Amino acid sequence: MVTRLKAAWSRFAEARPGVAQFVVFFALSNGVTALQLALMPLVKWAFSHTALIDTAFQHWQIGSNTDGSAYYVFDYAAGALPLGGGGLAYFLAVQITILVAQVINFFAQRSITFKSSSSIGRAAFWYLVAYVLITIGAAALQGLYKAPIYDLLIDTWGLGGTGETLADFVTVIINSAISFWVFFPIFKVIFKSDPVSGAAAEPSEQKA
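Definitions and cut-offs
- Residues numbered from 1 in each chain as written.
- Predicted model: local features only at pLDDT ≥ 70, side-chain atom pairs only at ≥ 80, totals over all residues.
- Heavy atoms only, no water.
- Phe/Tyr/Trp six-rings, centres within 6.5 Å; stacked < 30°, edge-to-face > 60°.
- Helix = DSSP H or I, 4+ residues; strand = E, 2+ residues; numbered from the N terminus.
- Buried < 20%, exposed > 50% of the residue type's maximum accessible area, 1.4 Å probe, protein only.
- Lys NZ or Arg CZ within 6 Å of the ring centre and 35° of its normal.

You'll find the protein entered in an unreviewed UniProt entry as GtrA-like protein domain-containing protein, with Sanguibacter inulinus given as the organism.

Asker: In this structure, what is going on with the packing of aromatic side chains? I would like to understand it.
Answerer: The geometry of two aromatic rings is summed up by the distance between their centres and the angle between their planes. Applying the stated rule across the entire model yields 27 aromatic pairs. Taking the centre distance of 6.2 Å and the plane angle of 65° together, the rings of Phe57 and Phe74 count as edge-to-face. Residue Phe57 is located in strand β1 (residues 57-64), and its partner Phe74 is located in strand β2 (residues 70-76); the two are separated by 17 residues in the primary sequence. Using a relative accessible area of 10% as the deciding quantity, one classes Phe74 as buried. A centroid spacing of 5.5 Å and a plane angle of 5° characterise the contact between Tyr127 and Phe187, whose relative ring orientation is stacked. Of this pair, Tyr127 sits in helix α4 (residues 120-156) while Phe187 sits in helix α5 (residues 160-190), placing them 60 residues apart in sequence. For the pair Tyr127 and Phe187, a shared accessibility class is recorded, and that class is buried. Positioned above the aromatic ring of Tyr90 is the side chain of Lys146, whose terminal nitrogen or guanidinium carbon lies 4.4 Å from the ring centre.

Here you go:
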C-alpha cells in the first residue's frame, strides 16, 4: 500500500512539479502551525506568572483608532486580556512561538519542499529580512482583530479561560495564514538550487 502511494505521488510530482511543491509546502506549513498552537498557551502561561504582564509594550504609532486613541504597530497594553493587551508577556509569547516555528519551517522547507542546494547563509539572511517585515506587518494588522476576538470569546460569549485559549488559537491561525501566502513566493526565490553546486557534484558522483 505504502509503495503504491509513493509511486503514485512520484508520478504526480513528475507530471505536476509546481502543484506537488505547493502541496508539500502546505503540509509542512500546517505542521508548523500545529506546533505554534501547541506552544502558544504554554509560553503565554509561563509569562503570565511574571511582572511582564503588567509592563506595557506599545511602540511605533502609525495613526489613531476611531475613538481617537493611538494606533501602534506593536500594541500590547499592560494588564491581562481582554481588559489589557497582555503587556510584554503576551508580546514575548507571540514572538517566541513564531520564532521557534519559523526556524523549523526554514530548514524543513529548504530540505524537503524545495530541495535547495543554494547558500544556506544567503537564504537565511533573506529569510530573516522577510521574517522581520512580515512580523511587523502582521503586528500592525493584529491591532484590527486582536481586541475584538478576545472580547467576543471571553466576555460576550462568556467563555472565560476557554475563550482566551480559543482566541489564542484564532490569532495564531490568522498570523500563520498571513505568513503562508507571503512566504511561498519568497521561498521560491531564496531556495533556488545552485546550478554551480549541482554541476560540481556530478564529477565526484561519477568517480564514486
